[in-house]
Amino acid sequence: MKIILLGAPGAGKGTQAQQLNAGFGIPIISTGNIIRENIDKGTKLGLAAKAYMESGDLVPDNMVIDLIKSRLSKKDCEKGFILDGFPRTLSQAIALDDMQVPIDMTVYIDVSEETILKRMSGRRVCVKCGFTYHVTSNPSAKKGICENCGAALIVRDDDKPETVVERLRVFHEKTAPVKEYYEKTGRLVMVDGGGTVDKTNALVMAAIEAKKL
Ligand code: AMP
């Protein structure tokens with residue numbers, strides 16, 4: 001199963017990706033997590049990407065496309081994968097099609113801006129594996145510690161309110177055409193992501209079942 005999760009920052013793509021990963025055992029490919037790892041390790045890509053990420057802007061297409069090309073060629077992607085945070089621009093969506101990786105479906109997780117702003121302030125992320133939690137709606141069973149790998153949970157720098165507003169602006173400007181692209185080519189399924197994690201997951205699962213994936 002090759003699936004793309006689309007939606008605004010804070011719509012719940014990461015959380016739904018985790019649910020699908022647990023259910024289907026296919027890897028989550030999160031460009032945001034890969035970029036953050038590169039920043040932490042101080043790689044060339046990380047150094048080049050840092051300022052874009054910190055300001056809430058997108059990292060240039062060529063960098064992200066190269067990164068995805070190399071990640072999708074790895075053996076663990078053969079049976080399927082969940083793309084979280086890619087594609088985010090029309091050029092990235094076209095580049096993905098050019099890679100001849102047939103995507104089964106694109107799920108757009110639809111959430112109001114008001115809900116997103118509330119969610120982002122409570123979001124906590126694992127410093128090591130990137131798993132995401134929310135202080136009230138999806139807390140870790142081990143307070144302040146990641147259930148998946150035991151590392152500390154933190155507030156991401158780019159989840160600060162002023163950066164979130166910029167990320168939402170960039171989303172409307174650059175990622176809205178991606179939604180249109182998949183809509184026009186009949187590959188988009190809309191899911192209401194305004195409810196609980198479980199409710200959204202049930203809707204995502206229903207969409208997958210309807211496609212007989
Ligand atoms: P995320 O963790 O998906 O919210 O991504 C965090 C940040 O990483 C974004 O605000 C961008 O700066 C960068 N980023 C992640 N994915 C992409 C992408 N597909 N294209 C460009 N920048 C990206």
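Below is a summary of the structure that appears in this document. Source: prediction; values computed, not measured.

Attention now goes to the packing of helix 1 (residues 13-24) against helix 8 (residues 197-210). Following both chains from N to C, one finds helix 1 and helix 8 inclined at 60°, their axes separated by 10 Å at the closest point. On the basis of their axis angle, the class for helix 1 and helix 8 is oblique. In this structure, the crossing between helix 1 and helix 8 has a hand that is right-handed. Listed contacts from helix 8 to Thr 15, Gln 16, Gln 19, Leu 20 and Phe 24 of helix 1 are Val 197, Thr 200, Asn 201, Val 204, Met 205 and Ile 208. Its residues placed into classes, the contact of helix 1 with helix 8 shows six nonpolar, five polar and no charged.

Bringing the layout of surface pockets into the picture now. Approximately 410 Å³ is the volume attributed to the second largest pocket. Arg 36, Asp 40, Met 53, Ile 154 and Arg 156 are, among the 19 residues lining the second largest pocket, the residues nearest its centre. Listed by contribution, the elements that provide at least two residues to the lining of the second largest pocket are helix 2 (31-41), helix 3 (44-55) and strand 5 (123-126). When residues of the lining of the second largest pocket are assigned to their parent elements, the largest contribution, five residues, is made by helix 2.

A few words now on the sheet that holds strand 4 (residues 105-110). In spatial order, the strands read 2-3-1-4-8; together these five strands make up an open sheet with parallel pairing. Two strands in the sheet have a free side with no partner beyond their single neighbour: strand 2 (28-30) and strand 8 (188-192). On average, adjacent strands in this sheet sit at an angle of 25° to one another, irrespective of strand direction. Where strand 2 lies against strand 3 (residues 81-84), three bridges are found, and the strand directions are parallel. When the sheet's bridge partners are listed, Ile 29 is paired in strand 3 with Leu 83. Sheet contacts for helix 7 (residues 161-184): strand 1 (2-6), strand 4 and strand 8; angle to strand 1, the most-contacted strand, approximately 140°.

What counts and how
- Residues numbered from 1 in each chain as written.
- Predicted model: local features only at pLDDT ≥ 70, side-chain atom pairs only at ≥ 80, totals over all residues.
- Heavy atoms only, no water.
- Axes fitted to C-alpha atoms, helices over the stretch in contact; angles between N-to-C directions.
- Helix = DSSP H or I, 4+ residues; strand = E, 2+ residues; numbered from the N terminus.
- Parallel < 35°, antiparallel > 145°, perpendicular 65-115°, else oblique.
- Left-handed = near helix turned anticlockwise from the far one by under 90°.
- Contact = heavy atoms within 4.5 Å.
- Nonpolar A, V, L, I, M, F, W, Y, C, P; charged D, E, K, R; others polar.
- 1 Å grid on protein atoms, 1.4 Å probe; cavity = no way out; pocket = protein on both sides within 12 Å on 5 of 7 lines; lining within 4 Å.
- Points joined across faces, edges and corners; volume = space filled by probe spheres on them.
- Pairing = 2+ DSSP bridges.

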